[in-house]
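In case you want the letters, here they are:
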Amino acid sequence: MTEQVKDNVIFDVKDFNLYYGSNHALHNINMQIYKNAITALIGPSGCGKSTFIKTLNRMNDLIPSVRLEGSIKYKGQEIVNSDINVYDLRKEVGMVFQKPNPFPMSIYDNIAYGPRTHGIKNKSVLNEIVEKSLTDAAIFDELKDRLKDSALSLSGGQQQRLCIARALAVKPDVLLMDEPTSALDPISTSKIEELVLKLKEEYTIVIVTHNMQQAVRISDTTAFFLLGDLIECDKTDTIFSEPKDKRTEDYITGRFG
Amino acid sequence: MLDKKSSFNGSESIASLVFLILGIVNIAFVLLICIYLIIAGLPAIKEIGIIDFLFGTRWASTATEPEFGILPFILTSIYGTAGAIVIGLPLGFFSAVYLAKFANKKVRTTIEPLIDLLAGIPSVVYGFVGMLVLVPAIQVIFNLPDGASLFAAIIVLAIMILPSIIKISITSLEAVPNEYELGSLALGANEIETCFRVTVKAAKSGIAAAVVLGVGRAIGEAMAVMMVAGNAANMPSLFESVRFLTTAVASEMSYSSGLQRDALFSIALVLFVFIMLINATLNMLLKRGGKR
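Everything numeric here is computed off the predicted structure, so don't read it as measured data. (Residues numbered from 1 in each chain as written. Chains lettered and ligands numbered in written order. Predicted model: local features only at pLDDT ≥ 70, side-chain atom pairs only at ≥ 80, totals over all residues.)

Asker: Account for the overall build of chain B, naming residues and giving values.
Answerer: Counting secondary structure elements, chain B contains 12 helices and two strands. Order of helices (α) and strands (β) in chain B, N terminus to C terminus: α-α-β-β-α-α-α-α-α-α-α-α-α-α. Counting only C-alpha atoms, chain B reaches 75 × 65 × 30 Å along its principal axes. Burial statistics for chain B: of 292 residues in total, 40% are counted as buried. Put simply, 72% of the contacts in chain B that link residues at least 6 apart link residues at least 24 apart. (Helix = DSSP H or I, 4+ residues; strand = E, 2+ residues; numbered from the N terminus. Buried ≥ 20, exposed ≤ 12 C-beta atoms within 10 Å, placed from the backbone. Contact = placed C-beta atoms within 7 Å.)

Written as structure tokens, this is what we have:
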């Protein structure tokens, strides 16, 4: 592997195993996640893709029975079982959830929450961040006149884009998205997909999706998980046109899942 | 089939009639108390004059020229309740936050039954312990002729309202959806920031309801207060013997007669109005919380 390719690796996963108590949920995962690319994780329910994505920002720490083995390096730094500052990690590796989860506060306060948490108090700086984040999430024009309204008054699709804007406001490098469109209608879904494609210029994106068409439409790399194993990880075009593994082929052609 | 349905409707309507009657009985009790208090309480207010009654600063019900000013009782009740909230709220609130969000399971399962126990202790026991332990302690610590005082009553009330504040705060903190907390943690906020800036904020109407309930409990408490407050009809002062609205009624009722007895009913009416206002506030808060 050349040095240049190595520079492009944001997450380097080696022999990674995860256990929930005695349940071995992820087996020997090896993969790399590249900078400014969209990596899609696909697979049937319960295959471990959501579990895996939550390891990348250590949200799994919140589940008491979780045990990790192996190595995941984020920009060369070990994040598995190491004493890194998980709060700094989560600031750099943002997350968008399956169900839109804006805080029960105003739109403005939702976006400003992250920056305020990280010590930004200056009003004009905050204003700037709020405007920039909403603009980057392609929702500023819709919301600019109602920044003081409760975020809960927005539609589901708007709420999800607000959550993306909220994640962008802490200036992350990576955005983890755990089935961000599964609770949304087709129009909201296509808006989010457009947005994700645009965000790839500045951010590295890892997206879990149930929707294979979505993976085809937006991702550069696709990883197929099955029952806790990473079956295949390759360029999206390759995976969907000439999968190497029979199980991948069966899944993408709709024979199960 | 049709027969079965009509017989089901028959038993349904009997059941709803029974429940209706039970409901009406309940409401009738409340109305009865309400009407009785107004009828029994108004004559003395009329005779004494509402201004003299509510804002008179001297209560001398058994003097040859009796005076019936209840301002000392009203102010004592307000100060005592406010003091109990000032001490009890932070204590109860932070206990609730700790138990709901930070305590491990073992600590929680040990402490929570104890809090339930605290709620179940009869108020006369609170008063008894206050009388034997708290009052002498205050006397020694602050070097007073007598420790029975507003301060002693405030401490006892603060402890008595703890269980309801803790319980209701815990319930409302736990009702906050976990997704809010995950959202905050995913932005790099730590657990403490998440708790106070997201969870508590989302639970604030429930916590406000806990405070109002505490106020209601404190202002209505008679027995424990009577045993530690000294019961002299002074204008309130932290280390003086004082008399609350509740204790004013309770302490004279057994031997009162004539206008004095009527005036005691009037005091009860004033207390009743306070409680109604507190309940109305509580309902408003809960309704607003429910809307969210």
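Past the structure itself, the notes keep going.
Asker: A description of the interface of chain B and chain A should follow, citing residues and the corresponding values.
Answerer: Each side of the interface is counted separately: chain B has 15 residues, and chain A has 21 residues. Per element, the largest residue contribution to the side of chain B that touches chain A is six residues, and it comes from helix H7 (residues 178–186) of chain B.

Asker: Can you break down the pairing of strand E9 (residues 221–226) of chain A residue by residue, with the values?
Answerer: Residues and elements named next belong to chain A. Taking burial as the measure, the six residues of E9 include six buried ones, the bulk of the element. Every second residue of E9 is oriented toward a common face, with Thr221, Ala223 and Phe225 on one face and Thr222, Phe224 and Leu226 on the other, all of them buried. Sheet topology note: the strand E3 (residues 38–42)/E9 ladder contains four bridges and is parallel. Along E9, the bridge assignment pairs Ala40 with Thr222. Two strands pair when backbone bridges link them, and E9 and strand E10 (residues 229–235) are joined in this way by six bridges, in the antiparallel orientation. Within E10, the residue paired with Phe224 across the bridge is Glu232. Where E9 hands over to E10, the hairpin turn is made up of two residues, of which Leu227 adopts a positive phi near 50 degrees. (Pairing = 2+ DSSP bridges.)

Asker: Can you lay out the domain arrangement of chain B for me, pointing to particular residues and giving the numbers?
Answerer: All names here are of chain B. When the domains of chain B are assigned, the result is domain 1 (2–55) and domain 2 (70–291). Here the C-alpha centre of domain 2 lies 28 Å away from the C-alpha centre of domain 1. Counting from both sides, the interface comprises 12 residues of domain 1 and, opposite them, 10 residues of domain 2. Broken down by secondary-structure element, the contributors of at least two residues to the side of domain 1 that touches domain 2 are helix H1 (2–48) and helix H2 (50–55). Take the side of domain 1 that touches domain 2: its biggest share by element is nine residues, from H1. Residues that form the side of domain 1 that touches domain 2 fall into these classes: 10 nonpolar, one polar and one charged. (Domains from an automatic or database assignment. Nonpolar A, V, L, I, M, F, W, Y, C, P; charged D, E, K, R; others polar.)

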